[in-house]
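Understanding the architecture of this molecule
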Amino acid sequence: MEFAKLGYRVVGVDVSQKMLELAKAKAAKAGIEVRFIHGDMTQLFSVLSEENVAFPFDAVICMGNSLAHLLDEESFRKTLDEISKVLCSSGVLVFWVKNAKLIRDDLINRLMVDSLINEPDLSLALLCYTSRDKADPDILIWNSIYLIKDHGNLDFQVRTHPLKWFRHEKLAEILKSQRFKVIHTYGDTLGQKTFEEEKHDTIFLICQKMDAVRV
Ligand SMILES: C[S@@+](CC[C@H](N)C(=O)[O-])C[C@H]1O[C@@H](n2cnc3c(N)ncnc32)[C@H](O)[C@@H]1O
């Protein structure tokens, strides 16, 4: 949305209708124009083609740890391939994921309070319980428990999200083999500190699509 405010043509894609509704409401409130499309990023090329969206794009920006929902290497590679198909020559890919090297064992298998809100119309307690996936220890199962009192109505929701954490070396290898050149790797979501594997739990990457080699 920040890019739309700067005057760029922006298209937002999400597989969740609920998230799209929230994003639409935010854009309307800010008075900015963004085209929102319901679709799966692992099928990005056909999703955009079917909606008659004009591309290639100068940049694909995938924030909010969204690529963590791609749990296996095959779907991650497929998504990079789809992104490549909708990017212009030398187009830019920006995304961030979490660093598997810094998974904190002391936060696993513990019930914790994630956040508390206590306002006149909304009281919310978010508890979370994180466990490791049995088959892949770099996948953390984030179980969230919401206790919500909204305008006097009580609700209780439990959500489970398996999220993949990434090994930096492997990530760099996949990007290279999918023909993305890493321009810079930062260690925070604002892109301020150069990534250090032993220190930062976020891997924020600026990549560039490498053009096909002409023979
Ligand atoms: C943590 S949220 C981030 C939302 C938003 N991008 C942001 O930065 O605030 C991750 C988002 O990824 C979306 N998502 C997960 N798998 C997806 C997929 N295969 N295709 C498109 N969106 C997906 C989820 O629906 C969710 O909205």
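Our next topic: the environment of Leu93. Position of Leu93 among the secondary structure elements: in strand E4 (residues 87-98). Of the residues examined, Leu93 has 23 C-beta atoms within 10 Å and is grouped as buried. Here the alpha-carbon distance between Leu93 and Glu119, two residues 26 residues apart in the chain, equals 39 Å. Not counting residues within four places of it along the chain, the set of residues in contact with Leu93 comprises Val60, Ile83, Leu87, Phe180, Cys207 and Lys209.

An order of E5-E6-E7-E8 is seen for the four strands of this open sheet, with the pairing classed as antiparallel. Edge strands, defined here as strands with exactly one partner in the open sheet, are strand E5 (111-118) and strand E8 (153-164). Going across the sheet, the axis of each strand differs from the next one's by a mean of 15°, ignoring polarity. Summarising the sheet, E5 and strand E6 (residues 122-132) pair through seven bridges and their orientation is antiparallel. Residue pairing across strands places Ile117 opposite Leu124, the latter belonging to E6.

A word on the domain arrangement of the chain. Split into domains, the chain comes out as domain 1 (40-100 + 165-209) and domain 2 (105-164). The gap between the C-alpha centroids of domain 1 and domain 2 is 26 Å. Facing the nine residues of domain 1 at the interface are six residues of domain 2. When the residues that make up the side of domain 1 that touches domain 2 are grouped by side-chain class, the tally is six nonpolar, two polar and one charged.

It is worth spelling out the site of the ligand at this point. Close to the ligand lie 13 residues; Ser16, Met41, Gly64, Ser66 and His69 are nearest. The residue makeup of the shell around the ligand, split by class, is five nonpolar, six polar and two charged.

As a further point, take the environment of Ile32. Positionally, Ile32 belongs in the loop between helix H2 (17-30) and strand E2 (35-38). Judged by C-beta crowding, with 16 C-beta atoms within 10 Å, Ile32 ranks as partly exposed. Taking the C-alpha atoms as reference points, Ile32 and Ala4, 28 residues apart in sequence, are found 6.5 Å from one another. Setting aside residues up to four positions removed in sequence, Ile32 forms contacts with Met1, Ala4, Lys5 and Ala27.

Counting residues in each nonpolar core, the largest one holds 24 residues, and the members touching the most others are Ile83, Leu93, Phe95, Trp96, Val97, Ile203 and Leu205. Contributing elements (two or more residues each) for this core: helix H3 (44-50), helix H4 (73-86), E4 and strand E10 (202-209). If you tally residues by element for this core, the top one is E4, at five residues. Once residues lying within four places of it in the same chain are set aside, the contact partners of Leu205 are Phe95, Trp96, Val182 and Thr185.

What counts and what doesn't
Residues numbered from 1 in each chain as written. Predicted model: local features only at pLDDT ≥ 70, side-chain atom pairs only at ≥ 80, totals over all residues. Helix = DSSP H or I, 4+ residues; strand = E, 2+ residues; numbered from the N terminus. Buried ≥ 20, exposed ≤ 12 C-beta atoms within 10 Å, placed from the backbone. Contact = placed C-beta atoms within 7 Å. Pairing = 2+ DSSP bridges. Axes fitted to C-alpha atoms, helices over the stretch in contact; angles between N-to-C directions. Domains from an automatic or database assignment. Nonpolar A, V, L, I, M, F, W, Y, C, P; charged D, E, K, R; others polar. Near = placed C-beta within 6 Å. Core = buried A, V, L, I, M, F, W, Y, C linked by C-beta atoms within 7 Å.

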